[in-house]
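The lines below spell out each chain.
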Amino acid sequence: QVQLVESGGGLAQAGGSLRLSCAASGEIFSPNSMGWFRQAPGKQREFVAIITNGGSTNYADSVKGRFTISRDNAKNTVYLQMNSLKPEDTAVYYCRTYFPNNGRAYWGQGTQVTVSS
C-alpha cells in the first residue's frame, strides 16, 4: 500500500503562483512515476504533469511553460510549481503514483486550487 498526502493548495490571483507538494509513504519501489491530475467542477479529471523516478517529465499542453514538476526521490515527494496562473487552472489537484511493473496506481485526497481573475 502507498499513501499520498498533498499540500499547498489555496487561493491565488491570476498571474500569481502556487506550489503543490505530495509526499508518498509505504511500499515504494522503482520504477515508478509520480504525477498531477486535476478536476474542475463538472469536468472529467485530466492529466497535468508527470515525472518518472529517473527524472523524465511530460506536461499537458495547457500548462507547458507555466508549470514545473520536480521530485525528491530521497523524500518520495513530488512538487508542482505553478506560475502565471489562470482562472481556468481552478480545480482540485490530485497526486498519483504509478508502478508500471504491476500496474498499480495510488491517488491522494486532492487539494483545491482556486485562481481569481
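Residues numbered from 1 in each chain as written. Predicted model: local features only at pLDDT ≥ 70, side-chain atom pairs only at ≥ 80, totals over all residues. Heavy atoms only, no water.

Q: Help me get a handle on the state of the cysteines, residues and values and all.
A: Tallying each qualifying case throughout the model produces one disulfide. For Cys 22, the disulfide goes to Cys 95, at an S-S distance of 2.1 Å. With the S-S dihedral at roughly -80°, the linkage between Cys 22 and Cys 95 falls on the left-handed side. In this pair, Cys 22 sits in strand β3 (residues 18-26) while Cys 95 sits in strand β9 (residues 91-99), placing the two residues 73 residues apart along the sequence. We note that Cys 22, like Cys 95, is buried. (Disulfide = S-S within 2.5 Å. Helix = DSSP H or I, 4+ residues; strand = E, 2+ residues; numbered from the N terminus. Buried < 20%, exposed > 50% of the residue type's maximum accessible area, 1.4 Å probe, protein only.)

Q: Before we move on, could you go through the nonpolar core and cite the residues and values that matter?
A: The nonpolar side chains of a soluble globular protein tend to be buried with one another. If you look at the biggest cluster of nonpolar residues, it comprises 29 residues, and the most contacted ones within it are Trp 36, Leu 80, Met 82 and Tyr 93. Of all elements in the fold, only β1 (2-7), β3, β4 (33-39), β5 (46-52), β7 (67-72), β8 (77-82), β9 and β11 (111-116) reach the threshold of two or more residues within this core. Each residue touching Leu 80, except ones within four places of it in the same chain, is listed here: Leu 18, Arg 19, Leu 20, Trp 36, Val 48, Ala 49, Phe 67, Thr 68, Ile 69 and Tyr 93. (Core = buried A, V, L, I, M, F, W, Y, C linked by side-chain atoms within 4.5 Å. Contact = heavy atoms within 4.5 Å.)

Q: Can you break down the pairing of strand β10 (residues 104-107) residue by residue, with the values?
A: Remember that side chains alternate between the two faces of the sheet whenever the strand is regular. Direction of pairing for β9 relative to β10: antiparallel, over a ladder of four bridges. Bridging from a neighbouring strand, Phe 99 pairs with Arg 104 of β10. Counting the residues in the hairpin turn of β9 and β10 gives four residues, including Gly 103, whose phi is positive at 75°. (Pairing = 2+ DSSP bridges.)

Q: A description of the environment of Val 115 should follow, citing residues and the corresponding values.
A: Tracing the backbone through its elements, the reader meets Val 115 in strand β11. Judged by its relative accessible area of 6%, Val 115 falls in the buried class. Put simply, Val 115 and Thr 52 are 63 residues apart on the chain and 28 Å apart in space, counted from C-alpha to C-alpha. Setting aside residues up to four positions removed in sequence, Val 115 forms contacts with Ala 12, Gln 13, Ala 14, Leu 85, Lys 86, Pro 87, Asp 89 and Thr 90.

Q: Just give me the short version of the side chain of Arg 66, but keep the residues and values in it.
A: Relative to the helices and strands, Arg 66 is located in the loop between β6 (57-59) and β7. Relative accessible area serves as the criterion here: at 11%, Arg 66 is assigned to the buried category. Side-chain polar atoms of Arg 66 contact the backbone oxygen of Ser 62, separated by 2.9 Å. When sequence neighbours within four positions are dropped, the list of residues in contact with Arg 66 reads Gln 81, Met 82, Asn 83, Ser 84, Leu 85, Lys 86 and Asp 89. (Polar contact = N/O pair within 3.5 Å; in protein donor to acceptor, adjacent residues only side chain to side chain.)

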